[in-house]
Amino acid sequence: MKQDPVKVLVVDDEEDLELLIRQKFRRRIRGGELEFMFAHNGREGLLKLAQHRDIHLVFSDINMPVMDGLTMLHQLAEADLDVQAVIVSAYGDMGNIRTAMNRGAFDFLTKPIDFADLEITLEKGIAHVRQLQDTLETRDKLVSIKRELEVASQVQMSALPAELPANEFFDVKARVIPAKEVGGDFYDYYLIDEHHLALVIADVAGKGIPAALFAMVTRALIKSVASQYESPAATLKAVNEQLCDGNDSCVFITTFFGVLDLRSGAFLYSNAGHNPPRLLRADGSLEVVAPTDNLVLGIDDGEAYANAEVQFHPGDALILYTDGVTEAENAGEEEYGDHRFDQMLATAGSTDASAIIDAIVSAVREFAGEANQSDDITCVVSRFLSRQNP
């Protein structure tokens, strides 16, 4: 692809220099490789630069009327323009040349100008300009990507459920701490009807916008079909079939979906390859919620999913989490691990959902120290407070 011409501004009060340069570089000017502009003093040069923001290479004499080259160079530095400057002066004027270089000049030429030397310096300047243009293009792309990620993050966070109103039967709280702008974790909780509370947590295998989109699709599918099926396993089977359809990239997602009957405390759930939740009993004892040995969602559309059930009693708390908790690493690349997680939960005591989440996040952050967070940290805590009347 043909590149745009490099625009060169020559600032010099010698009237015949313009003619000489146009003659010397006439073929490259006609070929669209170079475009020269001229000014006769520093003030005119600054005006040209203000009018033509795509000038990135300037050749400037030092000694000129109205505004000299050193003053112009100082103004360029103050304006923080993306301009490569070459200073031109008599060989004996090395003091001013050193001053110019200290003020950011890219190179220098001595008078009388040797056109072979001028061409060599011009080639060096063009190479720097091309590199600068590539850098600016890359910067613009990165800025655009960053803006897109910020928007995606806002969309993703706004899609998370709002807190449910305080009530006498359950207390649910959740938190997600993304490792990057967008991630593949999500959680959800909502009342399917007045007697059944749905709890969901999931983690896509992958990062970035594709993972975030897959997570949002999965969340929407679960919520839209949950009321149509008699059990969490049946719901996950239906969602899995839809996720597998057209999933050529074989993205998959671990998912835990359970439904709490607020009248009896019976919790029916299905676990599709997700981390096993913990059940913190009211007496302080800790249980690992039994697995259901189901495959993750998005791999096999013929997969059958199984349910399991656990009984909640008033004061019990269910802790759902993603592997960003247990696989958090410290500076020595040691994982937080299930053992530390269970020890911390065992000392949490019978407390409200927010306090348990605070304890989890604090413990993980204290363990990780200054190490970078490599994965999203997500957890949901649901406490069963009392039974509803049948």
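Before any of the text, the structure's been laid out above.
As the structure is a prediction and not an experimental result, all values here were calculated from the model.

The rules behind each value
Residues numbered from 1 in each chain as written. Predicted model: local features only at pLDDT ≥ 70, side-chain atom pairs only at ≥ 80, totals over all residues. Heavy atoms only, no water. Buried < 20%, exposed > 50% of the residue type's maximum accessible area, 1.4 Å probe, protein only. Helix = DSSP H or I, 4+ residues; strand = E, 2+ residues; numbered from the N terminus. Pairing = 2+ DSSP bridges. Core = buried A, V, L, I, M, F, W, Y, C linked by side-chain atoms within 4.5 Å. Contact = heavy atoms within 4.5 Å. Axes fitted to C-alpha atoms, helices over the stretch in contact; angles between N-to-C directions. Parallel < 35°, antiparallel > 145°, perpendicular 65-115°, else oblique. Left-handed = near helix turned anticlockwise from the far one by under 90°. Phe/Tyr/Trp six-rings, centres within 6.5 Å; stacked < 30°, edge-to-face > 60°. Nonpolar A, V, L, I, M, F, W, Y, C, P; charged D, E, K, R; others polar. Patch = residues over 30% accessible without salt bridge, like charges linked within 9 Å, V, L, I, M, F, W, Y side chains within 5 Å. Areas by Shrake-Rupley, 256 points an atom, 1.4 Å probe, with all protein chains shown as cover. Salt bridge = Lys/Arg side-chain N within 4 Å of Asp/Glu carboxyl O. Lys, Arg positive; Asp, Glu negative; His and termini not counted. Charge placed at Lys NZ, Arg CZ, Asp CG, Glu CD. 1 Å grid on protein atoms, 1.4 Å probe; cavity = no way out; pocket = protein on both sides within 12 Å on 5 of 7 lines; lining within 4 Å. Points joined across faces, edges and corners; volume = space filled by probe spheres on them. Expected span 1.5 Å × (residues − 1).

Novice: Any chance you could explain the pairing of strand β6 (residues 170-177) here in plain terms?
Specialist: By the criterion of burial, β6 is predominantly enclosed, with six of the eight residues buried. Both β6 and strand β15 (residues 377-384) contribute to a ladder of eight bridges, which runs antiparallel. When the bridges of β15 are listed, V172 appears paired with S382.

Novice: For this particular structure, what's the right way to read the nonpolar core?
Specialist: Core analysis: the biggest nonpolar cluster contains 24 residues, and L199, F267 and F312 have the highest contact counts within it. Breaking this core down by element, the ones donating at least two residues are β6, β7 (185-193), β8 (196-204), β9 (253-261), β10 (266-272), β13 (308-311), β14 (317-321) and β15. Residues within four places of L199 in sequence aside, it is in contact with V172, D188, Y189, F256, F257, G258, F267, L318, L320 and S382. In this structure, F186, A202, F214 and F257 belong to the second largest nonpolar core, which totals 23 residues.

Novice: Mind showing me how you'd approach the packing of helix α10 (residues 337-346) against helix α11 (residues 353-368) here?
Specialist: Geometrically, a packed helix pair is captured by the angle between its two axes and the distance between the axes. Closest axis-to-axis distance for the α10/α11 pair is 10 Å, and the angle between their directions is 140°. The orientation of α10 with respect to α11, classified from their angle, is oblique. Like other packed secondary-structure pairs, α10 and α11 cross with a definite hand, here right-handed. For the pair formed by α10 and α11, the contact residues are R340, F341, M344 and L345 on the first element and I356, A359, I360, A363 and F367 on the second.

Novice: Help me understand the packing of aromatic side chains, please; the structure alone is not making it clear to me.
Specialist: Two measures describe an aromatic ring pair: the distance that separates the ring centres and the angle between the ring planes. In this structure the tally under the stated criterion is 10 aromatic pairs. When the ring of F267 is compared with that of Y269, the centres are 5.9 Å apart and the planes differ by 25°; the resulting orientation is stacked. Per residue, the accessibility class of F267 equals that of Y269, and both read buried. Aromatic ring contacts, followed pair by pair, group F256, F267, Y269, F312 and F384 into a single cluster.

Novice: Would you take a moment to explain the packing of helix α7 (residues 208-225) against helix α8 (residues 232-244) for this structure?
Specialist: As a packed pair, α7 and α8 sit with axes 10 Å apart at the nearest point and diverge in direction by 140°. Between α7 and α8, the angle is such that the two are oblique. Crossing hand, α7 versus α8: right-handed. Where α7 approaches α8, its residues F214, V217, T218, L221, I222 and V225 are matched on the opposing element by T235, L236, V239, Q242 and L243. Residues that form the contact of α7 with α8 fall into these classes: eight nonpolar, three polar and no charged.

Novice: Before we go on, may I ask you to explain a negative patch on the surface in this structure?
Specialist: There is a patch of like negative charges on the surface, built from E327, E329, E333 and E335. If you trace the backbone, E335 turns up in the loop between α9 (323-326) and α10.

Novice: How do you make sense of empty space enclosed by the protein when you look at a structure like this?
Specialist: One water molecule sets the probe size; rolling that probe over the atoms shows where empty space is left. Summed over the entire model, instances satisfying the criterion amount to four cavities of 30 Å³ or more. Considering the residues around the second largest cavity, the lining is formed by 15 residues, among which V10, I21, F59, I113 and L118 are closest to the centre. For the lining of the second largest cavity, the secondary-structure elements that each account for two or more residues are β1 (6-11), α1 (15-24), β3 (57-61) and α6 (115-158). In terms of residue count, the dominant contributor to the lining of the second largest cavity is β3 (three residues). Each residue belonging to the lining of the second largest cavity can be placed in one class, and the counts come to 12 nonpolar, one polar and two charged.

Novice: Teacher, can you tell me more about the environment of E18 here?
Specialist: Here E18 lies in helix α1. Along the backbone, E18 and L199 are 181 residues apart, and their C-alpha atoms lie at a distance of 76 Å.

Novice: Sorry if this is basic, but what is going on with the pattern of salt bridges here?
Specialist: Oppositely charged side chains are able to pair whenever their charged atoms sit close together. Evaluation of the coordinates by the stated rule reveals 20 salt bridges. Between K111 and E14 there is a salt bridge, with its nearest N and O atoms 3.0 Å apart. Here the residue K111 occupies a position in strand β5 (residues 107-111), and E14 occupies one in the loop between β1 and α1, the gap between them amounting to 97 residues. Between E33 and R28 there is a salt bridge, and its shortest N-O distance comes to 2.6 Å. Taking the relative accessible area as the measure of exposure, R28 reaches 16% and is therefore buried. What you see here is one network of salt bridges that share partners, running through K24, R28, E33, E119 and E123.

Novice: How do you make sense of α7 when you look at a structure like this?
Specialist: The periodicity of an α-helix, 3.6 residues per turn, causes residues three or four places apart in sequence to face the same way. The terminal C-alpha atoms of α7, which comprises 18 residues, lie 26 Å apart, in line with the 26 Å expected from a rise of 1.5 Å per residue. Within α7, burial applies to G208, A211, A212, F214, A215, T218, R219, L221, I222 and V225.

Novice: Whenever I open this one, the sheet that holds β14 confuses me. Can you help?
Specialist: Strands pair in a sheet through their backbones, by hydrogen bonds, and they do so in one of two ways: parallel or antiparallel. With antiparallel pairing, the five strands of this open sheet are ordered in space as β6-β15-β14-β11-β12. Edge positions in the open sheet fall to β6 and β12 (286-288), since each of these has one partner strand only. The sheet shows a mean angle of 15° between the axes of neighbouring strands, direction not considered. Where strand β11 (residues 278-280) meets β12, three bridges bridge the pair, whose relative direction is antiparallel. Its bridge partner being in β12, L279 is matched across the sheet by E287. Those strands touched by α10 are β11, β12 and β14, and its axis lies near 20° from that of β11. Sheet strands touched by α11: β6, β11, β14 and β15. Its angle to β6, the strand with the most contacts, is close to 25°.

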